[in-house]
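A look at the structure
Spelled out from the first residue to the last, the chains are:
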Amino acid sequence: MDPLEDVLTLIGVSGHLSSGMVAGGRWALRFTPLDGVKFNAVRRGRCLLTVEGLADPIPLATGDCFLLTRPVPFGLASDAEVPPEPAGPVFAAAVDGVARVGDGDDLALIGGRFSFHRRARALLLDGLPPVIHVPATTAEAEAVHWAIDRIDAEVRAKRIGSTLVAEHLAVVMLIQVLRFHLATTDAAPSGWLAGLTDPVVGPALRAMHARPGERWTVGSLAGAAAVSRSTLAARFREVIGKSPVDYLTGWRIELAADRIRRGDGTLASIAREVGYGSESALSVAFKRVTGASPAGYRAGVGSEP
């Protein structure tokens, strides 16, 4: 069982294309934060990306793409000296799905965002930097552009099943960018994604995801990872930021929340499948983790994005 597949399925990732953008001359746009994860790909030309909280702008060139992993203000500009204007009115005035800014068409961008269920998305985004820049020279950037081309074609053609195809292609994009980050980051590996590739933490994660209902202990998880209990406990906390047991509890609750969202089974059957001996035991753990009872959570599902 692949934990990344588990989490991507659980968070219900969906891809949404926004209007494309064409720009020329000297220009600058300021974007307000969007819920979810924002992405953009440069089809031609060059520009600068600024992200709130980062000291230096990131130069973007033809074929580059980037992923904003959290809702923060950001900007795109021809150069750093131009005062930015709000992007909202520019995109509101888009014609035939293309927003135009400045004078000319030196730059062409296409982008959008990924949205997730509120529960569980922290699992995916935990430990990621605010922005992941994927240069055009990488295989991952080529795959992202291929996926964007296909998404654009599906959305425009409006054929049977086009929405589902577009959402699956969006997941392909997201996986490629995450692969690139894990393969190229110079920072000390930490967070859930880093744990997937860690030789100690990875086997324990895969074991928990493959059999979440098993009566796991630190000892049995250490056996799955072929290390001592103390080694697993220390490494797990170093990489993931919590103990193996705390992670297992959180994952079981996310599985239960998903089943409750979908109205799939009774609370007693859900409790058995995710590793709790009784409905009351699940209810206590569920409220401790989410702040709501299972019944209260079910009643509030309709307000989730």
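I will try to describe carefully the structure that is included in this document. (Residues numbered from 1 in each chain as written. Predicted model: local features only at pLDDT ≥ 70, side-chain atom pairs only at ≥ 80, totals over all residues. Heavy atoms only, no water.)

**Comments concerning the overall build of the protein**
Just so we agree on the cut-off: Helix and strand definitions here come from DSSP, where helices need a minimum of 4 consecutive H or I residues and strands a minimum of 2 consecutive E residues; each element is numbered from the N-terminal end. The reference for a compact globule is 2.2 Å times residues^0.38; the radius of gyration itself is calculated from the C-alpha atoms. Only protein chains enter the accessibility calculation, which uses a 1.4 Å probe; a residue whose area is less than 20% of its type maximum is buried, one above 50% is exposed, and one in between is partly exposed. Note on contacts: a residue pair qualifies if any of its non-hydrogen atoms lie within 4.5 Å across the two residues. When charges are counted, Lys and Arg contribute as positive and Asp and Glu as negative, whereas His and the chain ends are disregarded. Charge positions come from single atoms, namely NZ of Lys, CZ of Arg, CG of Asp or CD of Glu.
Looking only at helices and strands, one finds 13 helices and 12 strands in the protein. Relative to its length of 305 residues, the protein is compact, with a C-alpha radius of gyration of 22 Å against a globular reference of 19 Å. For the C-alpha atoms alone, the extent of the protein along its principal axes is close to 65 × 40 × 35 Å. Each of the 305 residues in the protein was classed as buried or not, and the buried ones make up 48%. For the protein, the proportion of contacts with a sequence separation of at least 24, taken over those separated by at least 6, is 75%. For the protein, the separation between the mean place of its 32 positive charges and that of its 32 negative charges on side chains is 7 Å.

**Describing the sheet that holds strand S3 (residues 28-31)**
In plain terms, the rule: By the convention used here, strands pair only if DSSP detects at least 2 bridges between them.
With mixed pairing, the five strands of this open sheet are ordered in space as S6-S5-S8-S3-S9. Each of the sheet's edge strands pairs with one partner strand only, and the pair in question is strand S6 (58-60) and strand S9 (85-86). Bridge count between S3 and S9: two bridges; the pairing is parallel. Each residue of the ladder has a partner; that of Arg 30, found in S9, is Pro 86.

**So, the nonpolar core**
Rules: Side-chain atoms within 4.5 Å link the members of a nonpolar core, which is a set of buried Ala, Val, Leu, Ile, Met, Phe, Trp, Tyr and Cys residues.
If you look at the biggest cluster of nonpolar residues, it comprises 67 residues, and the most contacted ones within it are Phe 114, Leu 124 and Trp 192. Residue contributions to this core peak at nine residues, all from helix H5 (residues 162-184). Other than its neighbours up to four places away in sequence, Trp 192 contacts Pro 3, Leu 4, Val 7, Leu 123, Leu 124, Asp 126, Leu 205, His 209, Ile 240 and Tyr 247. Ranked by size, the runner-up nonpolar core spans 23 residues in total, among them Trp 27, Leu 76, Leu 107 and Leu 109.

**Points about unusual backbone geometry**
Residues apart from glycine generally show negative phi values, whereas peptide bonds are mostly found in trans. A positive phi angle is found at Asp 96, which is not glycine, with a value near 55°. By secondary structure assignment, the location of Asp 96 is in the loop between helix H2 (87-92) and strand S10 (98-102). Owing to a relative accessible area of 69%, Asp 96 belongs among the exposed residues under this scheme. Even without being a glycine, Ala 226 presents a positive backbone phi close to 60°. Take Ala 226: its relative accessible area is 69%, and that puts it in the exposed class.

**What about the packing of aromatic side chains?**
Let me state the cut-off plainly: Only rings of Phe, Tyr and Trp enter the pairing, Trp through its six-membered ring, and a pair is recorded when the two centres are within 6.5 Å. The plane angle decides the type: under 30 degrees is stacked, over 60 is edge-to-face, the rest tilted. When the NZ atom of lysine or the CZ atom of arginine is within 6 Å of a ring's centre and also within 35 degrees of its normal, the charge is said to sit over that ring.
Following the criterion strictly, the structure yields six aromatic pairs and no others. Note on Phe 39 and Phe 114: the rings are 5.0 Å apart at their centroids and 35° apart in plane angle, and the pair reads as tilted. Of this pair, Phe 39 sits in strand S4 (residues 37-44) while Phe 114 sits in strand S11 (residues 107-115); the two residues are 75 residues apart in sequence, bridging distant segments of the chain. On the basis of relative accessible area, Phe 39 is assigned to the buried category, the value being 5%. Seen from the ring of Tyr 276, Arg 252 lies directly overhead, with NZ or CZ sitting 5.9 Å from the centre.

**Some words on the side chain of Lys 38**
For Lys 38, the location among the structural elements is in strand S4. Residue Lys 38 is classed as buried on the basis of its relative accessible area, which comes to 10%. The residues touching Lys 38, leaving out its near neighbours within four places in the chain, are Ser 18, Phe 66, Leu 67, Leu 68, Phe 74, Gly 112 and Arg 113.

**Structural notes on the packing of helix H1 (residues 3-10) against helix H7 (residues 201-210)**
Where we set the bar: Interaxial angles span 0 to 180 degrees and are taken between N-to-C directions of axes, which are lines fitted to C-alpha atoms, for helices over the stretch in contact. Should an angle fall under 35 degrees it is taken as roughly parallel, and over 145 as roughly antiparallel, whereas 65 to 115 is taken as roughly perpendicular and any remaining angle as oblique. Amino acids outside the nonpolar list (Ala, Val, Leu, Ile, Met, Phe, Trp, Tyr, Cys, Pro) and the charged list (Asp, Glu, Lys, Arg) are all regarded as polar, and Gly is one of them.
The geometry of H1 relative to H7 is characterised by a closest axis approach of 9 Å and an angle of 50° between their N-to-C directions. Classified by the interaxial angle, the pair formed by H1 and H7 is oblique. Counted together, Pro 3, Asp 6 and Val 7 of H1 and Leu 205, Arg 206 and His 209 of H7 form the full contact between these two elements. Split by residue class, the contact of H1 with H7 holds three nonpolar, one polar and two charged.

**Here we look at the pattern of salt bridges**
Operational definition: Any carboxyl oxygen of Asp or Glu within 4 Å of a side-chain nitrogen of Lys or Arg constitutes a salt bridge here.
For the coordinates displayed, the defined rule picks out nine salt bridges. Residue Asp 79 is joined to Arg 26 by a salt bridge in which the shortest nitrogen-to-oxygen separation is 2.9 Å. Placement of Asp 79 in the loop between strand S8 (74-77) and S9 and of Arg 26 in the loop between strand S2 (20-24) and S3 is noted, with a sequence separation of 53 residues between them. A relative accessible area of 58% places Arg 26 in the exposed class. The partner of Asp 149 in a salt bridge is Arg 43, and the shortest N-O contact between them spans 2.2 Å. Taken as a pair, Asp 149 in helix H4 (residues 139-157) and Arg 43 in strand S4 lie far apart in primary sequence, 106 residues in all. The class for Asp 149 is partly exposed, based on a relative accessible area of 40%. Each of Asp 198, Arg 235 and Glu 238 takes part in one network of salt bridges that share partners.

Fair warning: the whole summary comes from geometry, so function is off the table for now.
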